[in-house]
Amino acid sequence: MSTNIIEVRNLVKKYGDFAAVKGISFNVEAGEVFGFLGPNGAGKTTTISILCTLLRLTSGTALVNGFDVSTASMKVRGSIGLIFQETSLDNQLTARENLQIHGELYGVANVVLRRRIPEVLGMVDLSEWSDRLVGAFSGGMKRRLEIARGLLHHPRILFLDEPTLGLDPQTRSHIWEYILRLRHDEGITVFLTTHYMDEAENCSRIAIIDHGEIVALDSPAALKAMSAQDIINLDTDDNQLAAELIEKRFGVAVRMGGDGLHFEVADGARFIPEFIASFSNGERSPRILRISLRRPTLDDVFLKVTGRDIRRQGADETEGQRMAAKLSR
């Protein structure tokens, strides 16, 4: 039987009259990769900051590894590793020195550090760089070193706040290879926030959060099954007219985007030939330039449950929120 390593009930975080998190509840099972998916300003970083005891909650409860974040913050911190959006490494120190200082701050004995530092550097393929200044590292290497640092004290849970933000696609893919391998090798739980759909696909379960509320929570496959129909992508020489005709003739809702028209049908492979034949027969029908079909993605799920595209990201968290997080560290 699985055991919940994180339990959140009716969590609220307010800044004055503004509610950044609005009474959310969820569990994270030990050993799973759990993701918070949402745009900037949705409440992802606020929630993860509360779970890591960097922010105080306004009301509700949150248990991390069985410890209450409000009353046992030091025990919570001893149970977790945390990787921030922005790097917090010292560029004037070597990789080994960065890890040494981190281990001492966490009270890891020197005899343990002498074994553990080479071990975690090897996990992220940085053994040959252990005595090089971090200032010479690429962005991807710094992120790998931060992952190693987060694992140094054998945490039960590794928190990653937008772990690949600003990295190129190839480096992002490699970082994820390390995360998933380390999760298996170290037997830890991974809790991450992201607005990248491909990253969310790596999760065991995903909580979609928008405007401080969880609007859907399930596995990627189950979430995509919410939108069981095929999606038709269409571009014509008059998309406005085409949308009107499609809605009238076929009785489906059409969404207009910068890349054409999009609508859902039950059986796309059967629908397209019939659609082309019947759509082209009308006297006023626009000329079809491109048509294709695809299965639903997490982008479609996000659009379905929030009514907007995740790529139209909300405003960044306020400077007050960022300052509160820094002051409470």
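One can find the structure itself at the top, above this paragraph.
Asks: Kindly report on the packing of helix α3 (residues 95-105) against helix α4 (residues 110-123), identifying the contributing residues and their values.
Replies: Contact geometry for α3 and α4: axes closest at 10 Å, N-to-C directions at 135 degrees. Looking at the two axes, α3 sits oblique to α4. In this structure, α3 meets α4 at a crossing whose hand is right-handed. Two secondary-structure elements touch here, α3 through A95, R96, L99, Q100, G103 and E104 and α4 through N110, L113, I117, P118, V120 and L121.

Asks: Before we move on, can you summarise the state of the cysteines with the specific residues and values?
Replies: Under the counting rule described, the total for this entry stands at zero disulfides. The structure places no disulfide on C52, whose sulfur is separated from the nearest cysteine sulfur, that of C203, by 16 Å. Take C52: its relative accessible area is 3%, and that puts it in the buried class.

Asks: Run through unusual backbone geometry, naming residues and quoting values.
Replies: Despite not being glycine, N10 shows a phi value in the positive range, around 50 degrees. Summarising the element assignment, N10 is placed in strand β1 (residues 4-15). A positive phi is found at D125, a non-glycine position, where the angle reads about 60 degrees. Assignment of secondary structure puts D125 in the loop between α4 and α5 (139-151).

Asks: Tell me about the side chain of E146, residues and numbers included.
Replies: With respect to the element layout, E146 can be found in helix α5. The class for E146 is buried, based on a relative accessible area of 2%. A distance of 2.8 Å separates a polar atom in the side chain of E146 from a polar atom in the side chain of R143. Contact partners of E146, with chain neighbours within four places excluded, come to I83, E86, T87, S88 and L89.

Conventions adopted
Residues numbered from 1 in each chain as written. Predicted model: local features only at pLDDT ≥ 70, side-chain atom pairs only at ≥ 80, totals over all residues. Heavy atoms only, no water. Axes fitted to C-alpha atoms, helices over the stretch in contact; angles between N-to-C directions. Helix = DSSP H or I, 4+ residues; strand = E, 2+ residues; numbered from the N terminus. Parallel < 35°, antiparallel > 145°, perpendicular 65-115°, else oblique. Left-handed = near helix turned anticlockwise from the far one by under 90°. Contact = heavy atoms within 4.5 Å. Disulfide = S-S within 2.5 Å. Buried < 20%, exposed > 50% of the residue type's maximum accessible area, 1.4 Å probe, protein only. Polar contact = N/O pair within 3.5 Å; in protein donor to acceptor, adjacent residues only side chain to side chain.

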